[in-house]
Amino acid sequence: PVRVGEIYQRYSAATLEGGSEEKSGNVENIVKLSIPPFTEANDGLTFTVAARYYQGEEDVAIAFEKAGIDSIRLSPAAETLIAPAVVPRLAQLEVLSRIKSFGASIPLLAPSSIATAASRAAGRLKIIYVDDDLLLGEAFSGLFLFRKQPE
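Read on for an overview of the structure. One numbering rule holds for all chains: residues counted from 1, following each sequence as written. Owing to the predicted nature of the model, reporting of local features is limited to residues with pLDDT of at least 70; listing and counting of side-chain atom pairs is limited to 80 or more, with chain, interface and lining totals taken over all residues. Only hydrogens and water are set aside; all other atoms, that is, all heavy atoms of the structure, feed into the side-chain values.

### Details of the environment of Val95
Structurally, Val95 is set in helix α2 (residues 89-100). Given a relative accessible area of 36%, Val95 falls into the partly exposed group. Only DSSP runs of H or I covering at least 4 residues are called helices, and only runs of E covering at least 2 are called strands; the numbering of each starts at the N terminus. Here's how the labels work: a residue is buried when its accessible area is under 20% of the maximum for its type, exposed when over 50%, partly exposed in between, all with a 1.4 Å probe on protein chains only.

### A short note on the packing of aromatic side chains
Between 30 and 60 degrees the pair is tilted, below 30 it is stacked and above 60 it is edge-to-face, where a pair is any two Phe, Tyr or Trp rings, Trp via its six-membered ring, whose centres lie within 6.5 Å. Across all of its chains, the model carries three aromatic pairs by this definition. For the ring pair Phe144 and Phe146, a centre distance of 6.5 Å and an interplane angle of 15° mean the geometry is stacked. The exposure class assigned to Phe146 is partly exposed, which follows from its relative accessible area of 22%. Through successive ring pairs, a cluster of aromatic residues spans Tyr11, Tyr53, Phe144 and Phe146.

### Brief notes about the side chain of Thr48
For Thr48, the location among the structural elements is in strand β4 (residues 45-55). For Thr48, the side chain forms a polar contact with the side chain of Asp70, separated by 2.3 Å. Throughout, a residue-residue contact means that at least one pair of heavy atoms, one from each residue, lies within 4.5 Å. Those residues in contact with Thr48 that sit more than four places away from it in its chain are Glu28, Asn29, Ile30, Lys66, Ala67, Gly68 and Asp70. Definition of a polar contact: a pair of N or O atoms within 3.5 Å, with one able to donate and the other able to accept a hydrogen when the atoms are protein atoms, and with sequence-neighbouring residues admitted only if both atoms are side-chain atoms.

### Remarks on the pairing of strand β8 (residues 134-139)
Within a regular beta strand, the side chains point alternately toward one face of the sheet and then the other, so they alternate between its two faces. Of the two faces of β8, only one is covered, namely that formed by Leu135, Gly137 and Ala139; the face formed by Leu134, Leu136 and Glu138 stays uncovered. The turn linking strand β7 (residues 123-130) back onto β8 is made up of three residues. Whether two strands pair comes down to DSSP finding at least two bridges between them. Hairpin connection from β8 to strand β9 (residues 142-147): two residues lie between these consecutive antiparallel strands, with Phe140 at a positive phi of about 50°.

### Some points on the side chain of Gln92
By secondary structure assignment, the location of Gln92 is in helix α2. Using a relative accessible area of 7% as the deciding quantity, one classes Gln92 as buried. Separated by 2.9 Å, the side chains of Gln92 and Arg89 make a polar contact. Leaving out residues up to four positions away in the same chain, Gln92 has contacts with Ala83, Pro84, Ala85 and Val87.

### A word on the pattern of salt bridges
The term salt bridge refers to a side-chain nitrogen of Lys or Arg lying within 4 Å of a carboxyl oxygen of Asp or Glu. Scanning the entire structure with this criterion turns up four salt bridges. Between Arg10 and Glu28 there is a salt bridge; the shortest N-O distance is 2.8 Å. Placement of Arg10 in strand β1 (residues 3-11) and of Glu28 in strand β3 (residues 23-34) is noted, with a sequence separation of 18 residues between them. Given the relative accessible area of 46%, Arg10 is considered partly exposed. A salt bridge links Arg73 to Asp43, with the shortest nitrogen-to-oxygen separation between them at 2.8 Å. Here Asp43 lies in the loop between β3 and β4 and Arg73 lies in the loop between β5 (59-72) and α1 (76-82), a separation of 30 residues in the sequence. On the basis of relative accessible area, Asp43 is assigned to the partly exposed category, the value being 23%.

### Observations concerning the pairing of β4
Within β4, nine of the 11 residues are buried, leaving the element largely enclosed by the surrounding structure. The pairing of β4 with β5 spans 11 bridges and is antiparallel. From the neighbouring strand, Ala51 faces β5, where its bridge partner is Phe64. Connecting β4 to the next strand, β5, in antiparallel fashion are three residues.

Here's what the structure looks like:
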């Protein structure tokens, strides 16, 4: 069975896009997974969904861009199975290195024929309250609370 570990989001600050009046930034939704006994226990796989957000006066539009696997951390048992001791050491290291550096993603973009990036957004988050540490929003018939992680 797949085990779900940490789930979190990483945001960049919104800035003006080249020559545009539209403020935007990046957001990543990150999920750490494991598939025992093939991967490390807590974060054997990292699955990321990347998006751009467009800041409005009272809402934030979200445009999803890509989803994919960013890293794979094999368990010692899986490493032994994939690169057994009978295989020359250099070949073992090459195979394991390629697996560890593997990454794959698929685009999630809406058609570019639509006028603005914000209008291609998959959803909107209506901002109810925001301060230096919290953002409370409403979207998809639910409330979302985002808290800034202490540095």
